[in-house]
Amino acid sequence: MSRTSFNIASSSSDNIAETESCAEQTRRTLLLGALATTACVGCSTRTRAGEDPPGSDERPQKGDRLVFSEGDSEGKLITAADLTPGGPPVHAWPQDPKTSVVRSASRLNEILIIRLDPAELDEQTKARAVDGIVAYSAICAHAGCPVTAWVKSDVGDKEVFKCMCHNSEYDPRAGAQVVFGPAPRRLAALPLALADGSLSVAGGFIGKVGAVQQG
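Attention here is on the structure that accompanies the text. (Residues numbered from 1 in each chain as written. Predicted model: local features only at pLDDT ≥ 70, side-chain atom pairs only at ≥ 80, totals over all residues. Heavy atoms only, no water.)

The next subject is the pattern of salt bridges. Applying the stated criterion across every chain, the model contains eight salt bridges. A salt bridge links R103 to E58; the shortest N-O distance between them is 3.4 Å. Here R103 is found in the loop between β2 (90-95) and β3 (111-115), whereas its partner E58 is found in the loop between α1 (3-50) and β1 (65-68), with 45 residues between them in sequence. The exposure class of R103 is buried, given its relative accessible area of 3%. You can call E58 partly exposed: its relative accessible area is 38%. Between D171 and R173 there is a salt bridge whose closest N-O contact spans 2.8 Å. You can call D171 buried: its relative accessible area is 12%. Taken together, the shared-partner salt bridges in this structure form one network comprising E58, D64, D96 and R103. (Salt bridge = Lys/Arg side-chain N within 4 Å of Asp/Glu carboxyl O. Helix = DSSP H or I, 4+ residues; strand = E, 2+ residues; numbered from the N terminus. Buried < 20%, exposed > 50% of the residue type's maximum accessible area, 1.4 Å probe, protein only.)

So this is what it looks like as structure tokens:
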């Protein structure tokens, strides 16, 4: 074979090899692109998963379990044994027992739970209680601030719920009626039950939740 023909053959071989190399590179590029697209889809799914799940902003439903909304026990089921007789109250969220979704997407769902002497409860309050444990909305009816304090009343010798924004006070023994301050009405009450030792919701809120302007 002449040098000329050898060079032509070598050139052809080089072209074929280069073509195959380009094709392989193209396949790799397409594969990496597909993987990147899949990764993006995964990221998108994770982003959606980070959003509030369905049902998380719904009001408490009958059968919902109650879980701690703060502190070291946040997210754990609340049992009667977790509550100190005479207070202070604990803050809670309702949780769907079927999906385990905590209804924490709306601040209007936060609940105050306290254990009192059953003998101190009026008849209507006692009917919604379980073993002296009562539950109310944690949102003040005046301006929608959170009710955070358990203190001696400014107008009596009993401890009461108190909103520190404008000093409204509520007596949980008597349906959380207003005993002091500018709040126009009592806190919404939440009937309770016991389910396998844990506290659960026996019915929806009784009364309006939150302030008037919150709708």
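What follows continues from the structure just given.
Moving on, we get to unusual backbone geometry. A cis amide bond, omega 10°, links G87 with the succeeding residue P88. Tracing the backbone shows P88 in the loop between β1 and β2. Within the chain, D131 stands out as a residue other than glycine whose phi angle is a positive 55°. As for its placement among the helices and strands, D131 is situated in the loop between α2 (123-128) and β4 (133-137).

Bringing the state of the cysteines into the picture now. A full pass over the atoms with the stated rule returns one disulfide. Residue C145 pairs covalently with C165 via a disulfide, S to S 2.3 Å. Between C145 and C165, the S-S torsion sits near -105°, and that sign places the bridge as left-handed. With C145 in the loop between β4 and β5 (149-152) and C165 in the loop between β6 (159-162) and β7 (169-171), this residue pair connects regions lying 20 residues apart in the sequence. Given the relative accessible area of 15%, C145 is considered buried. Cysteine C163 shares no disulfide, and the gap to the nearest cysteine sulfur, in C140, comes to 3.9 Å. (Disulfide = S-S within 2.5 Å.)

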